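# Structure assessment
Each chain is listed here by its residues.
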Amino acid sequence: MQRRMQRAARSAGVGLALAAGVALGAPDPPADDGSFPSPEALRELGSQAYPQLEPGGVVAVTSWMLEGPFPDTVGEVPIAEPGAFEIALLEVAEERAGLVVASESMRCAAREFGLFFVKHGALPGGVLRRFILGRCGATGSQAVFGYFYEDVPPEATPERVFEVWGAGVRRMLREGLGAGPRAAGIWFGRNGNRGLVLLISAERSVRVTPVSTVPDETGRVRVRGELLAPAGGISGAVNRGSLGYANCEAATDVLLPRFDLSCSVDPADETAWLAVSVRRPGRLLTEAVLEVLARPGGGEARTWTRRPFGAAQEVSGAKEFRSVLLERVNELRRGLGHAPLALETDESLSAGRLAPIYFGSHLGMAPSEYGDMVALGLMAGWNVRGMIRDAAMGGAMARGSRDIDRWLTEALAGPGLRSVLLGPARSRLAVGALVSREADQEFLAAVVASYELFGSQDEVALRQDLYARLDRAYDERKMRFPKRERAIEVAVARELLRIASGETTPEQAFQVVVQEASARLGVPVKGWLLQGRGLEDVALPEEIFAEPAAQIAAGVTHFKPAGSAWGHTLALLVTAPEGRMRTARLHAGR
């Protein structure tokens, strides 16, 4: 009897998101760019011997019709009316009660993967694999497959086959389910004289309250449940249309580990991927924990067809991949009305050195912390020309092909990498590609990072925006907005220009402005140095409004602190208290 075990990472859409084959979506950037690894640490990591990627053989098809039937909801509902092989699965699951669930969704997935296997002799890859799991309502990730594939007499019933294979099947179940919380399914079928028992087991990170994937009367799909491991935050995003995406709304009155996400879908879409990501305690990046295949139109969604994004084109190496990808992505961006991306060559070379480690980490061939380090390093963008305001990264792998259009199919299947490649504010792109040349292990894998830069500084507009925020804040507190002191504004603007050019530090400039303002106004003044990623992120301390102010002067600039990867927005603000100004005027009049 032939026994095989195959492990395959299910795509997750990063944030990180292993998009189909492997598609790693768009992780959120850290709040503090001091968390980025240094250029020296990245060079050391890139100089290490990297794992030789062996993503495994898959069969790539352009379309496939599922058999059905399908569960009505997403969620791991226990199976009903089990057959002989499923009884064995239930017995093994009972040995790990509370951890392993034999569910209807995974029974569906085992059947659909099994039918594909008996037809093609291998499992599907990429987006089709995700489609099967999603259409069956599965909630697990990092799927593991095991199977027996052997000759059986045509007249043998499933019960008779189990009598012969039972001991081996139970051994496969005990050894192949995997550790921790799992959802599992098993299926027996045949192709002529060949019989197949296929096991699928997936890691469960969430418990989802069974919910329909058809939107409600408001056009939203609502996903509720509970995380099975601690997390510091949760977010969701959903596809809209062929290339669009949108964030989901989280219910503010539901506290982790429970969650309640509401996602608005496009009613014209036949299907739409909804991706849920969490930030684990002590981690800086988000991790995809759930993908849901919504059905906005309410149709059966039985057939999967690969969507092309251009003509098929095989690439021979990383340099050609970068060039063709940039052209293809910019063509898509033009169709959306977005400005084209410019390729960052030096950062792309760094990405190319780190790409094998990144994919090796997510395929279990290198430590997981290496993947985080690569992701953070690429978002840091140490070699990017210009002052970075924001960045995002992700990766995707297309197995069984070197066609760049198939890579785009994997990458753009979910909202994660759509935001990386098609986000309207992005202007620069770094690409690190791996192109396999082995006929029996063909694949294209690439990490991509995109960057939003600070634009040309319009100090007057920035200052006006800050004053507008301050005016609203004063109004909310029913306080009169202070008089703008133009002469002090000139001093503020002068010192901010020196900060931006690197002539002085923010702290030194602050002292100069405060001293000059005090001398000019004849009273002690209060001042604040405020920083954020953008002006909208700059918090206004309550101390500003602690007492009425007679006069105010402020300014805003962008600058890059020494040793920082990204640029910062800096606001400098001084006020003169109202009571002291009246006293100063009285003394001046005597």
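Everything discussed here concerns the structure shown above.
Since we're looking at a predicted model, the values are computed, not measured. (Residues numbered from 1 in each chain as written. Predicted model: local features only at pLDDT ≥ 70, side-chain atom pairs only at ≥ 80, totals over all residues. Heavy atoms only, no water.)

## Things to note about the sheet that holds strand E22 (residues 483-484)
Cut-off, in case you're wondering: Strand pairing is assigned whenever DSSP identifies at least 2 bridges connecting the two strands. In DSSP terms, a helix is any run of H or I states spanning at least four residues, a strand is any run of E spanning at least two, and both are numbered starting from the N terminus. It only takes one pair of heavy atoms within 4.5 Å for two residues to be counted as in contact. Angles here are taken between N-to-C directions and fall from 0 to 180 degrees, while the axes themselves are lines fitted to C-alpha atoms, restricted in helices to the stretch in contact.
Strand order across the open sheet formed by four strands is E22-E24-E25-E23, with mixed pairing between neighbours. Two strands lie at the open edges of the sheet, namely E22 and strand E23 (526-532), each paired on one side alone. Helix H12 (residues 486-500) rests against E22, strand E24 (549-559) and strand E25 (568-577) of the sheet, and its axis sits at about 20° to E24. Packed on one face of the sheet, helix H13 (residues 506-521) meets E23, E24 and E25 and runs near 20° to E25.

## Structural notes on the packing of aromatic side chains
Stated formally: Only the six-membered ring of Trp is used, alongside the rings of Phe and Tyr, when aromatic pairs are assigned; centres must lie within 6.5 Å, and planes under 30 degrees apart are stacked while those over 60 apart are edge-to-face, with the rest tilted. Whether a residue is buried, partly exposed or exposed follows from its accessible area with a 1.4 Å probe, protein chains only, as a fraction of its type maximum: under 20%, in between, or over 50%, in that order. For a lysine, the NZ atom is tested; for an arginine, the CZ atom; a charge sits over a ring if that atom is within 6 Å of the ring centre and within 35 degrees of the ring normal.
In total, this model carries 14 aromatic pairs according to the counting rule given. When the ring of Tyr-474 is compared with that of Phe-481, the centres are 5.6 Å apart and the planes differ by 90°; the resulting orientation is edge-to-face. Overall, the relative accessible area of 0% leaves Tyr-474 in the buried class. In textbook terms, an aromatic cluster arises when at least three aromatic residues are bridged by ring pairs, as seen for Phe-85, Phe-148, Phe-162, Trp-165 and Phe-188. Arg-135 extends its terminal NZ or CZ atom over the ring of Phe-70, reaching a point 4.3 Å from the ring centre. Above the plane of the ring of Tyr-149 lies Arg-194, whose end atom (NZ or CZ) is 4.4 Å from the centre.

## A closer look at unusual backbone geometry
Between Gly-68 and the following residue, Pro-69, the backbone shows a cis peptide bond with an omega angle of 0°. Mapped onto the secondary structure, Pro-69 falls in the loop between strand E4 (63-65) and helix H2 (84-95). Cis geometry marks the peptide bond from Leu-256 to Pro-257, where omega comes out at 15°. If you trace the backbone, Pro-257 turns up in the loop between strand E13 (249-250) and strand E14 (258-264). Within the chain, Gln-142 stands out as a residue other than glycine whose phi angle is a positive 50°. Its location among the elements puts Gln-142 in strand E6 (residues 141-151). In this model, Ala-301 sits at a positive phi of 55°, which is unusual for a non-glycine residue. Counting through the fold element by element, Ala-301 comes out in the loop between strand E16 (286-294) and strand E17 (303-305).

## Brief notes about the state of the cysteines
Working definition: the covalent bond between the sulfur atoms of two cysteines is a disulfide. As a reminder of what qualifies: Only a pair of cysteine sulfur atoms within 2.5 Å qualifies as a disulfide here.
Tallying each qualifying case throughout the model produces two disulfides. What pairs with Cys-108 in a disulfide is Cys-136, and their sulfur atoms sit 2.0 Å apart. Its torsion about the S-S bond being -60°, the disulfide of Cys-108 and Cys-136 is classed as left-handed. Of this pair, Cys-108 sits in helix H3 (residues 104-120) while Cys-136 sits in the loop between helix H4 (126-135) and E6, and the two are 28 residues apart along the sequence. Side by side, Cys-108 and Cys-136 carry an identical accessibility label, which is buried. Cysteine pairing for the chain (bonded cysteines numbered in sequence order): 1-2, 3-4.

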